[in-house]
Structures are given as structure tokens and as C-alpha cells.
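# Residue-level structure breakdown
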Amino acid sequence: MKITKIMGSAALASLLLALPALAQDAAAPTAEIVEEAVATIDTGDTAWMIVSTLLVILMTIPGVALFYGGLVRSKNILSVITQVFGAFSMIALLWVAYGYSLAFSGPSEGGLSAFIGDFSNFFLANVNPDSVSGTIPELIFVVFQLTFACITATLVVGGIAERMKFGAVMAFLAIWFSFAYLPIAHMVWSGAGLFFQMGALDFAGGTVVHINSGVAALVAAIVLGPRLGYMKEPIAPHNLVFTYIGACLLWVGWFGFNAGSALGANGVAAQAFLNTITAPAAAGIAWAVGEKITRGHASALGFVSGAVAGLVAITPAAGFAGTFGAIVLGAVTGFVCLWAVVTLKPMLKYDDSLDVFGIHGIGGIVGAIGTAIVADPGLGGFGAEGYAMGGQLVTQIMAVVVAIIWSGVVALVAMLVVKAIFGGARVTESSETDGLDLSSHGERAYN
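Quick caveat, the model's predicted, so the values are computed rather than measured. (Residues numbered from 1 in each chain as written. Predicted model: local features only at pLDDT ≥ 70, side-chain atom pairs only at ≥ 80, totals over all residues. Heavy atoms only, no water.)

### As for the environment of A265
- Within the secondary structure, A265 is located in the loop between α9 (240-259) and α10 (267-295).
- Distance in space between the C-alpha atoms of A265 and W48 is 6.1 Å, their sequence separation being 217 residues.
- When sequence neighbours within four positions are dropped, the list of residues in contact with A265 reads G44, D45 and W48. (Helix = DSSP H or I, 4+ residues; strand = E, 2+ residues; numbered from the N terminus. Contact = heavy atoms within 4.5 Å.)

### A look at the nonpolar core
- Counting 127 residues, the largest nonpolar core has W95, M164, F172 and Y181 as its most contacted members.
- Tallying contributions element by element places helix α6 (residues 166-189) first for this core, with 17 residues.
- Once you skip the residues sitting within four places of it in the chain, F172 turns out to touch V156, M164, A216, A220, A411, A414, M415 and V418. (Core = buried A, V, L, I, M, F, W, Y, C linked by side-chain atoms within 4.5 Å. Buried < 20%, exposed > 50% of the residue type's maximum accessible area, 1.4 Å probe, protein only.)

### Section: the environment of A114
- Here A114 is to be found in the loop between α4 (77-104) and β1 (132-133).
- Taking the C-alpha atoms as reference points, A114 and I184, separated by 70 residues in sequence, lie 9.9 Å from one another.
- With residues near it in sequence (within four places) discarded, A114 still touches H186, M187, A192, G193 and L194.

### Considering the packing of helix α3 (residues 43-71) against α9
- It is the contact of α3 with α9, at a shortest axis distance of 7 Å, that shows an interaxial angle of 155°. As summarised for this structure, α3 and α9 are arranged roughly antiparallel, according to the angle between their axes. Here α3 runs over α9; the crossing is left-handed.
- Here the residues of the contact of α3 with α9 are counted per class, giving 21 nonpolar, seven polar and no charged. (Axes fitted to C-alpha atoms, helices over the stretch in contact; angles between N-to-C directions. Parallel < 35°, antiparallel > 145°, perpendicular 65-115°, else oblique. Left-handed = near helix turned anticlockwise from the far one by under 90°. Nonpolar A, V, L, I, M, F, W, Y, C, P; charged D, E, K, R; others polar.)

### Quick word on unusual backbone geometry
- Put simply, I61 and P62 share a cis peptide bond, and its omega is 25°.
- With respect to the element layout, P62 can be found in helix α3.
- At E162, a position not held by glycine, the phi torsion is positive, near 75°.
- One can find E162 in the loop between α5 (138-156) and α6.
- For E162, a relative accessible area of 1% gives the class buried.
- For K349, which is not glycine, the phi torsion reads 60° and is therefore positive.
- With respect to the helices and strands, the residue K349 is situated in the loop between α12 (323-348) and α13 (356-374).
- By relative accessible area, K349 is classed as exposed at 59%.

### Quick look at the pattern of salt bridges
- Summed over the entire model, instances satisfying the criterion amount to six salt bridges.
- A salt bridge links R227 to E162, with the nearest nitrogen and oxygen atoms 2.6 Å apart. Pair noted here: R227 is in the loop between α8 (206-224) and α9 and E162 is in the loop between α5 and α6, with a separation of 65 residues, a long-range link. Neither residue differs from the other here; R227 and E162 are each classed as buried.
- The network of salt bridges with common partners includes R73, E162, R163, R227 and D351. (Salt bridge = Lys/Arg side-chain N within 4 Å of Asp/Glu carboxyl O.)

### Structural notes on the packing of aromatic side chains
- Evaluation of the coordinates by the stated rule reveals 18 aromatic pairs.
- Both rings, one in F148 and one in F257, keep their centres 4.3 Å apart while their planes meet at 5°; by these two values the pair is stacked. Remark: F257 occurs in helix α9 and F148 occurs in helix α5; sequence separation between them is 109 residues. F257 shares its class with F148; the two are buried.
- Taking the centre distance of 6.3 Å and the plane angle of 80° together, the rings of Y350 and F357 count as edge-to-face.
- In this structure F357 comes out as buried when scored by relative accessible area, which is 12%.
- Each member of the aromatic cluster is reached from another via a ring pair, and the members are F144, F148, W189, W254 and F257. (Phe/Tyr/Trp six-rings, centres within 6.5 Å; stacked < 30°, edge-to-face > 60°.)

Put into C-alpha cells, the structure is as follows:
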């Protein structure tokens, strides 16, 4: 009505006839912009990253839960799987609240400093379905990294199994996640991060996940003290079939963990996929051979433990190692981790219940340092042009040392804080004797 009063009917008719053409001309640049934005999303890469994310969730719940659950005594299986499930749920929420922002956000996405990001993406502010990260939606990258944070926290549970209060476990993991996992993730994978700027190689989380969790588990176990009867009476796994199933789920899930870290469906993912078969296979056989030589028999538990150690070691090297290098790295790690579990642990008398440090900590250290060797193009690796093994070895060792100290100090402080809050982090002797299933959760796994 307003237009007809201002214009004559002829002028209005001319305007109406011209509108489609005007709209088409105006829409053309917009359509080109939209088309260009959409073109940055590769549907193949996106599909692979969704699958990879699901695989990492599979290796956590139920993979880690069953692997650990079978290793403890029958009176504690529910406590362990509850801690794994609870840790996964809590860390997932903390990740979207502030974890992603502190690990990956900041000026030009480089972060606030070399040690931590900022709160610019607090509760995923500025991240929406239209946000793009490389060739995938940023939300997919957020969720993929969420699963890494979750599984790292659940791995720590194995070191403190069978003797820690449930609330204390959750509080410890929340503190450690905030002040150890997030800074180390930022240092390794953020553009302005300390390790990234040093040129340290960590394809899928040797320092971020395995050294980080292994050291935290060791420190927490030492502060807690050993389980009742440790080194005085047998504390045998109650169901190695569960452990075997859990190990198989871990291996399957690890393809998402390693090959998914290529962040696309490409040749690097294919190499990482193959390495995730050969390295653990070599490590499992090496562990079994080592057992045969030193103890007279190869065990089922040894085979799967060796395979997990191989998976740990190839994690930082997955996209950098050639096929032969992955096999050698896996075999070496199998022998070294066997020594750590069978010899080093009893010698130092620490009670890392499920050998988190012996497999993830030691395996992560061997893998992180070994990455400098297997990545050398002269040995079939895929290091950058002008690669110098000597210089890379120094860089890798420096990153390993910083990660060990950082995670260890944070874990110690976190345990002291938790002990002060809860009046002690350990359950009572009677509760430990009865089992945490009943004393902490009021239920039994087997009736």
C-alpha cells in the first residue's frame, strides 16, 4: 500500500517486472560465496572423521571398561567400570564447557600463550554447524578431540583401581584434566603451543594421551599407597576373557584414534591404519617371546598386554613411520614394557594396579622418542624435507621430559587437594576388604 501511494501504477508494474532480475543479480555473488564455503567441506573426510570418532568412543566404553574390569578382582569390577563411565561423562561435559576453548582457541587460533589457550570458545561460543576446520565441520573436530580427552582420563583409572573413593576419583580427574591434559594438548597440537613450535612430532597423542595418563596414574598410585596384601598375597585378574574382549575393542577403536588423526580420508590415514596393525602385532609377539624366554611360557594376558603396548608406541609415530619402522618400533616396545611390568614395578614396589605406567607411560616414552628414528626418510619414514634425526631426537626427548614433569606435578597437587577435601582419598580398610562394588556402589556384579 505504501509503494502504490508513492509511485504510479505504471512505475510499480515496471518495478515488479524488474525484481526477479535484480534478485538474480544480487543472489549471484551470494551463491558463489555459499558454493565456495560449501566446497571447503569434504564429505568423504567428514564421513571418515565421524566413523573415527565413534571408534574412539568404542575403545573407551566398553573397551577400556572391559579391559580393566577383567583385570581386577570380582568384588571391584563394577567400581572400575563405573569410574570409567563416570570419567567419560564428566570429561565430555568439561570439554565442551571450557576444554576445547583452552586447548585450541586464542588469537588466530594459536592460543593465549605457548602453554594454554583462552576462553573465547567457552561453551563452544562461535562454533556452530557452519564453522569449518580444514575440510570438515569444526563440530566434528570438537567431538573427535573430546574423545581423546575422555579416554586419557579413563586410562588413569587403572593405576588407582580397587582402593580410591569414587568422589575422590572424579575430583582428581577433573583437576588433572584442567591443569595437565589441556595445557599439554595445547602445547602439542595448537599452532602457538610450546611443543608444536619446538617441532616435536606427535601424530595422535603419545605425549598428550599416554605419557600424560601414565605419569598421572603412577603419581596417584604412589600417593594412595598399595592395595591391602600387595606383594604379600596373590591379587589375580578375575576374568581374562573380559580383558581379551576389551583388548580387541581397544585395537579396533585405535584405528579411529590413529588413522583418524590424519583428519581426512587420505594416504596418510592409510599408512597410519596399516601401522596400527603391524606395530601391535609385533609388540604382542615380542612380549610373548619375552615371556617364554624369561618365565617359560607365553600367556594370553601377555599377548594382549604387548599388543596394547604396541598400539601405545605407534600412536605418536602413526603417520610418520614407514611399515618396517612401525614393526621394529612395536617389537622394541613389547620387550621394554614387559621389563617395566615384570621387573621394574616389583623392584620399585609401587602399586600401579593395572600397569598404566608400565604400558602407557613407558610405551608412550619409547614411542615418542622412537618417532624421531622411524620418521627418518632414510629409514622409510615420512619426516619433513631436510629431516635431521639427531636434532629431532633432542626435540622429542625435551618434549617427553616436559610432559613427565608437568603431568607429575599436577597429579601430585591434585591428589593432595583431593585428600584435603575428602578427608583422605582412600576407602576404609573394611570397605577395601569387602570390595568397592558393595561398599561404594551398594551392588554386586555377580549374584
